[in-house]
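Structural characterization, general
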Amino acid sequence: EAGVTQSPTHLIKTRGQQATLRCSPISGHTSVYWYQQALGLGLQFLLWYDEGEERNRGNFPPRFSGRQFPNYSSELNVNALELEDSALYLCASSPPVRSGIRNQPQHFGDGTRLSIL
Amino acid sequence: GNSVTQMEGPVTLSEEAFLTINCTYTATGYPSLFWYVQYPGEGLQLLLKATKADDKGSNKGFEATYRKETTSFHLEKGSVQVSDSAVYFCALILGNTGKLIFGQGTTLQVKP
(Lines give C-alpha, C1' and ligand atoms only; values in the text may rest on other atoms or scores of the structure.)
Protein backbone atom coordinates (compact mmCIF):
# COMPACT_ATOMS: atom_id res chain seq x y z
CA GLU A 1 0.00 0.00 0.00
CA ALA A 2 1.40 3.36 -1.01
CA GLY A 3 1.82 5.77 1.86
CA VAL A 4 1.10 9.47 2.03
CA THR A 5 3.06 11.25 -0.68
CA GLN A 6 4.06 14.89 -0.60
CA SER A 7 5.58 17.14 -3.24
CA PRO A 8 7.90 18.81 -3.71
CA THR A 9 10.48 17.44 -1.30
CA HIS A 10 12.18 20.79 -1.04
CA LEU A 11 10.97 24.27 -1.94
CA ILE A 12 13.00 27.46 -1.84
CA LYS A 13 11.23 30.81 -1.96
CA THR A 14 11.94 34.41 -1.11
CA ARG A 15 10.05 36.68 1.23
CA GLY A 16 6.71 37.86 -0.12
CA GLN A 17 6.31 34.99 -2.59
CA GLN A 18 3.64 32.31 -2.50
CA ALA A 19 4.20 28.59 -1.95
CA THR A 20 2.01 25.62 -2.88
CA LEU A 21 2.57 22.25 -1.24
CA ARG A 22 0.80 19.09 -2.33
CA CYS A 23 -0.29 15.91 -0.61
CA SER A 24 -1.82 12.63 -1.76
CA PRO A 25 -3.40 10.53 1.00
CA ILE A 26 -3.32 6.79 1.41
CA SER A 27 -5.88 5.10 -0.84
CA GLY A 28 -9.23 4.94 0.95
CA HIS A 29 -8.39 7.79 3.31
CA THR A 30 -10.53 10.90 2.97
CA SER A 31 -9.17 12.95 5.87
CA VAL A 32 -6.05 15.02 5.28
CA TYR A 33 -4.19 16.99 7.94
CA TRP A 34 -1.40 19.56 7.69
CA TYR A 35 1.23 20.28 10.36
CA GLN A 36 4.16 22.64 10.59
CA GLN A 37 7.41 21.47 12.19
CA ALA A 38 9.51 24.54 12.74
CA LEU A 39 12.83 24.58 14.58
CA GLY A 40 12.25 25.37 18.21
CA LEU A 41 8.46 25.38 17.90
CA GLY A 42 7.77 21.69 17.55
CA LEU A 43 4.87 20.19 15.63
CA GLN A 44 1.85 22.44 15.27
CA PHE A 45 -1.53 21.62 13.74
CA LEU A 46 -2.48 23.72 10.72
CA LEU A 47 -5.56 22.33 8.97
CA TRP A 48 -7.88 19.34 8.69
CA TYR A 49 -9.93 18.48 5.61
CA ASP A 50 -12.39 15.66 5.29
CA GLU A 51 -14.32 14.84 2.11
CA GLY A 52 -13.68 18.26 0.68
CA GLU A 53 -14.65 20.30 3.72
CA GLU A 54 -12.42 22.18 6.13
CA ARG A 55 -13.14 20.61 9.53
CA ASN A 56 -10.71 22.42 11.79
CA ARG A 57 -7.99 25.03 11.66
CA GLY A 58 -5.04 25.73 13.92
CA ASN A 59 -3.84 29.06 15.23
CA PHE A 60 -2.21 30.33 12.04
CA PRO A 61 -2.82 33.55 10.09
CA PRO A 62 -5.22 33.56 7.10
CA ARG A 63 -2.31 33.59 4.63
CA PHE A 64 -2.11 29.86 5.38
CA SER A 65 -4.91 28.24 3.43
CA GLY A 66 -5.66 25.03 1.67
CA ARG A 67 -8.16 22.93 -0.13
CA GLN A 68 -9.06 19.33 -0.77
CA PHE A 69 -9.90 17.99 -4.19
CA PRO A 70 -12.57 15.41 -5.18
CA ASN A 71 -9.87 12.70 -5.28
CA TYR A 72 -9.03 13.67 -1.64
CA SER A 73 -5.60 15.04 -2.44
CA SER A 74 -4.86 18.38 -0.87
CA GLU A 75 -2.91 21.58 -1.34
CA LEU A 76 -1.52 23.90 1.28
CA ASN A 77 -0.96 27.47 0.12
CA VAL A 78 1.12 29.99 1.99
CA ASN A 79 0.92 33.58 0.76
CA ALA A 80 3.19 36.52 1.51
CA LEU A 81 5.94 34.25 2.77
CA GLU A 82 7.91 35.34 5.81
CA LEU A 83 11.28 34.09 7.05
CA GLU A 84 9.57 32.41 10.02
CA ASP A 85 7.59 30.21 7.63
CA SER A 86 10.74 28.18 7.02
CA ALA A 87 9.87 24.72 8.29
CA LEU A 88 9.08 21.13 7.43
CA TYR A 89 5.41 20.85 6.44
CA LEU A 90 3.93 17.44 7.13
CA CYS A 91 0.76 16.02 5.67
CA ALA A 92 -1.11 13.12 7.23
CA SER A 93 -4.17 11.12 6.30
CA SER A 94 -6.70 8.88 8.03
CA PRO A 95 -9.88 6.97 7.17
CA PRO A 96 -13.15 8.87 6.76
CA VAL A 97 -14.88 10.53 9.68
CA ARG A 98 -18.06 8.85 8.50
CA SER A 99 -16.51 5.48 9.35
CA GLY A 100 -17.76 6.26 12.85
CA ILE A 101 -14.46 5.40 14.49
CA ARG A 102 -13.15 8.50 16.21
CA ASN A 103 -9.53 9.53 16.44
CA GLN A 104 -8.13 7.05 13.98
CA PRO A 105 -4.33 7.22 13.81
CA GLN A 106 -2.94 9.73 11.38
CA HIS A 107 -0.36 8.44 8.91
CA PHE A 108 2.29 10.90 7.84
CA GLY A 109 4.23 11.62 4.69
CA ASP A 110 7.90 12.58 4.62
CA GLY A 111 7.14 16.29 4.35
CA THR A 112 8.07 19.28 2.25
CA ARG A 113 11.01 21.34 3.46
CA LEU A 114 10.16 24.99 2.80
CA SER A 115 13.07 27.43 2.99
CA ILE A 116 12.53 31.17 2.81
CA LEU A 117 15.51 33.28 1.77
CA GLY B 1 -5.22 23.90 28.11
CA ASN B 2 -4.42 20.52 26.63
CA SER B 3 -0.73 19.67 26.44
CA VAL B 4 1.88 16.92 26.39
CA THR B 5 5.18 16.98 28.24
CA GLN B 6 8.05 14.65 27.45
CA MET B 7 11.31 14.11 29.22
CA GLU B 8 14.12 16.17 27.81
CA GLY B 9 16.72 14.55 25.69
CA PRO B 10 18.96 13.56 24.27
CA VAL B 11 18.84 10.12 25.79
CA THR B 12 21.99 8.12 25.10
CA LEU B 13 22.02 4.38 25.70
CA SER B 14 24.20 1.44 24.86
CA GLU B 15 22.82 -1.30 22.65
CA GLU B 16 20.60 -3.80 24.53
CA ALA B 17 19.91 -1.32 27.35
CA PHE B 18 16.40 -0.75 28.73
CA LEU B 19 14.60 2.32 27.46
CA THR B 20 12.05 4.53 29.18
CA ILE B 21 10.87 7.84 27.74
CA ASN B 22 8.47 9.62 30.05
CA CYS B 23 5.33 11.30 28.76
CA THR B 24 2.64 13.04 30.79
CA TYR B 25 -0.40 14.88 29.54
CA THR B 26 -2.95 17.45 30.57
CA ALA B 27 -6.35 17.13 28.96
CA THR B 28 -9.93 18.24 29.50
CA GLY B 29 -11.66 14.95 28.81
CA TYR B 30 -10.47 11.53 27.72
CA PRO B 31 -7.87 11.69 24.99
CA SER B 32 -6.50 9.03 22.73
CA LEU B 33 -2.71 8.73 23.08
CA PHE B 34 -0.01 7.98 20.54
CA TRP B 35 3.72 7.53 20.16
CA TYR B 36 5.29 8.50 16.86
CA VAL B 37 8.91 8.08 15.75
CA GLN B 38 10.81 10.30 13.33
CA TYR B 39 13.99 9.03 11.68
CA PRO B 40 16.42 11.58 10.20
CA GLY B 41 15.08 13.19 7.05
CA GLU B 42 11.73 11.45 7.28
CA GLY B 43 8.19 12.11 8.42
CA LEU B 44 6.50 10.64 11.45
CA GLN B 45 5.72 6.95 11.76
CA LEU B 46 3.03 5.73 14.10
CA LEU B 47 4.64 3.49 16.70
CA LEU B 48 1.71 2.63 18.94
CA LYS B 49 -1.57 3.92 20.31
CA ALA B 50 -4.03 3.58 23.18
CA THR B 51 -7.56 4.88 23.21
CA LYS B 52 -8.73 4.39 26.79
CA ALA B 53 -7.45 4.01 30.33
CA ASP B 54 -5.37 0.87 31.03
CA ASP B 55 -4.98 0.11 27.32
CA LYS B 56 -1.49 -1.07 26.43
CA GLY B 57 -0.16 -0.25 23.00
CA SER B 58 2.72 -2.31 21.63
CA ASN B 59 4.73 -2.57 18.43
CA LYS B 60 8.25 -3.67 17.45
CA GLY B 61 9.17 -4.35 21.08
CA PHE B 62 7.98 -0.93 22.28
CA GLU B 63 5.17 -0.69 24.83
CA ALA B 64 3.20 2.07 26.55
CA THR B 65 0.27 1.89 28.97
CA TYR B 66 -2.42 4.57 29.24
CA ARG B 67 -2.43 5.53 32.93
CA LYS B 68 -5.35 7.82 33.69
CA GLU B 69 -4.55 8.11 37.40
CA THR B 70 -1.09 9.52 36.68
CA THR B 71 -1.99 11.04 33.28
CA SER B 72 1.00 9.28 31.78
CA PHE B 73 1.90 7.23 28.72
CA HIS B 74 5.55 6.27 29.16
CA LEU B 75 7.32 4.50 26.32
CA GLU B 76 9.43 1.43 27.15
CA LYS B 77 11.56 -1.10 25.34
CA GLY B 78 13.44 -3.93 26.93
CA SER B 79 16.50 -3.97 24.65
CA VAL B 80 17.28 -1.11 22.28
CA GLN B 81 19.19 -1.40 19.04
CA VAL B 82 21.28 1.12 17.13
CA SER B 83 18.49 1.26 14.55
CA ASP B 84 16.13 2.67 17.23
CA SER B 85 18.08 5.94 17.19
CA ALA B 86 15.48 8.58 16.28
CA VAL B 87 13.25 11.30 17.74
CA TYR B 88 10.21 10.04 19.63
CA PHE B 89 7.03 12.09 19.97
CA CYS B 90 4.19 11.53 22.40
CA ALA B 91 0.84 12.96 21.26
CA LEU B 92 -2.79 13.19 22.24
CA ILE B 93 -6.00 13.91 20.42
CA LEU B 94 -9.26 15.00 22.02
CA GLY B 95 -12.76 14.84 20.73
CA ASN B 96 -13.35 14.98 17.01
CA THR B 97 -10.96 17.87 16.39
CA GLY B 98 -8.50 16.14 14.09
CA LYS B 99 -5.79 17.98 15.99
CA LEU B 100 -2.87 15.99 17.33
CA ILE B 101 -1.12 17.79 20.19
CA PHE B 102 2.52 16.78 20.36
CA GLY B 103 5.16 16.83 23.02
CA GLN B 104 8.47 18.46 22.19
CA GLY B 105 10.09 15.18 21.16
CA THR B 106 12.88 13.16 22.77
CA THR B 107 16.01 12.29 20.84
CA LEU B 108 17.30 8.78 21.45
CA GLN B 109 20.83 7.83 20.49
CA VAL B 110 21.87 4.20 20.82
CA LYS B 111 25.58 3.41 20.67
CA PRO B 112 27.01 0.02 19.66
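Scroll up to find the structure.
So, here is what we can say about the structure in this document. (Residues numbered from 1 in each chain as written. Chains lettered and ligands numbered in written order. Predicted model: local features only at pLDDT ≥ 70, side-chain atom pairs only at ≥ 80, totals over all residues. Heavy atoms only, no water.)

**Some details on the overall build of chain A**
The helix and strand inventory of chain A stands at zero helices and 11 strands. In chain A, the order of α-helices and β-strands from amino to carboxyl end is β-β-β-β-β-β-β-β-β-β-β. For 117 residues, the compact-globule estimate of 2.2 N^0.38 gives 13 Å, and chain A sits close to it at 14 Å. By its C-alpha atoms, chain A is 45 × 30 × 25 Å across when sized along the principal axes. (Helix = DSSP H or I, 4+ residues; strand = E, 2+ residues; numbered from the N terminus. Rg over C-alpha atoms; globule rule 2.2 N^0.38 Å.)

**Quick notes on the state of the cysteines**
Counting across every chain of the model gives two disulfides over all chains. The disulfide bridge from A:Cys23 ends at A:Cys91, spanning 1.8 Å between sulfur atoms. Because the torsion about its S-S bond is -65 degrees, the bridge between A:Cys23 and A:Cys91 counts as left-handed. In this pair, A:Cys23 is assigned in strand β3 (residues 19-24) and A:Cys91 in strand β9 (residues 87-94), connecting sequence segments 68 residues apart. The pair formed by A:Cys23 and A:Cys91 is uniform in burial state, with each residue classed as buried. Here B:Cys23 pairs with B:Cys90 through a disulfide, and the sulfurs are 2.0 Å apart. For the disulfide bridge between B:Cys23 and B:Cys90, the dihedral angle about the S-S bond is near -65 degrees, and by the sign convention the bridge is left-handed. Separated by 67 residues along the polypeptide, B:Cys23 in strand β4 (residues 23-26) and B:Cys90 in strand β10 (residues 86-93) bring together distant segments of the chain. (Disulfide = S-S within 2.5 Å. Buried < 20%, exposed > 50% of the residue type's maximum accessible area, 1.4 Å probe, protein only.)

**Some remarks on the interface of chain A and chain B**
Tallying the contact residues gives 18 residues for chain A and 18 residues for chain B. When the two sides are added together, the surface that chain A and chain B hide from each other amounts to roughly 1,600 Å², 56% of it contributed by carbon and sulfur. Together, A:Leu43, A:Asn103 and A:Phe108 form the three largest contributors to the area buried by chain A at its contact with chain B, with a combined 34%. Summed over the shared surface of chain A and chain B, the result is zero salt bridges. For the side of chain A that touches chain B, the secondary structure elements donating two or more residues are β4 (31-38), β5 (42-50), β9 and β10 (107-108) of chain A. (Contact = heavy atoms within 4.5 Å. Buried area = accessible area lost by both parts, 1.4 Å probe. Salt bridge = Lys/Arg side-chain N within 4 Å of Asp/Glu carboxyl O.)

**Regarding the nonpolar core**
Residue and element names in this part refer to chain B. By size, the foremost hydrophobic cluster in this structure holds 27 residues, and its most contacted members are Leu-19, Trp-35, Leu-48, Phe-73, Leu-75 and Tyr-88. The biggest single contributor to this core is β10, with four residues. Not counting the four nearest positions on each side in its chain, Leu-19 is found in contact with Val-11, Leu-13, Phe-62, Leu-75, Glu-76, Lys-77, Val-80 and Leu-108. (Core = buried A, V, L, I, M, F, W, Y, C linked by side-chain atoms within 4.5 Å.)

**Focus on the sheet that holds strand β7 (residues 64-68) of chain A**
All names here are of chain A. If you trace the four strands from one edge of the open sheet to the other, you get β1-β3-β8-β7, paired in antiparallel fashion. The outermost strands of the open sheet, each flanked by one partner alone, are β1 (5-7) and β7. Strand-to-strand, the axes of this sheet are offset by a mean angle of 20 degrees, without reference to chain direction. Across five bridges, the pairing between β7 and strand β8 (residues 74-78) is antiparallel. By the bridge assignment for β8, Ser-65 is matched with Asn-77. (Pairing = 2+ DSSP bridges. Axes fitted to C-alpha atoms, helices over the stretch in contact; angles between N-to-C directions.)

**Points about the packing of aromatic side chains**
For the structure shown, the criterion picks out 12 aromatic pairs over all chains. Where A:Tyr35 meets A:Phe45, the ring centres are 5.7 Å apart and the plane angle is 70 degrees; that geometry is what we call edge-to-face. You can see A:Tyr35 sitting in strand β4 and its partner A:Phe45 sitting in strand β5, a full 10 residues away along the chain. A:Tyr35 sits in the buried class, given a relative accessible area of 0%. For the ring pair A:Tyr35 and A:Phe108, a centre distance of 5.5 Å and an interplane angle of 45 degrees mean the geometry is tilted. Highlighted residues: A:Tyr35 in strand β4 and A:Phe108 in strand β10, separated in sequence by 73 residues. By relative accessible area, which is 10% here, A:Phe108 ends up buried. Three or more aromatic residues link up through ring pairs in this structure, and these residues are A:Tyr35, A:Phe45, A:Phe108, B:Phe34, B:Tyr36, B:Phe89 and B:Phe102. Looking at A:Arg55, its charged tip hangs above the ring of A:Trp48, at a distance of 6.0 Å from the centre. (Phe/Tyr/Trp six-rings, centres within 6.5 Å; stacked < 30°, edge-to-face > 60°. Lys NZ or Arg CZ within 6 Å of the ring centre and 35° of its normal.)

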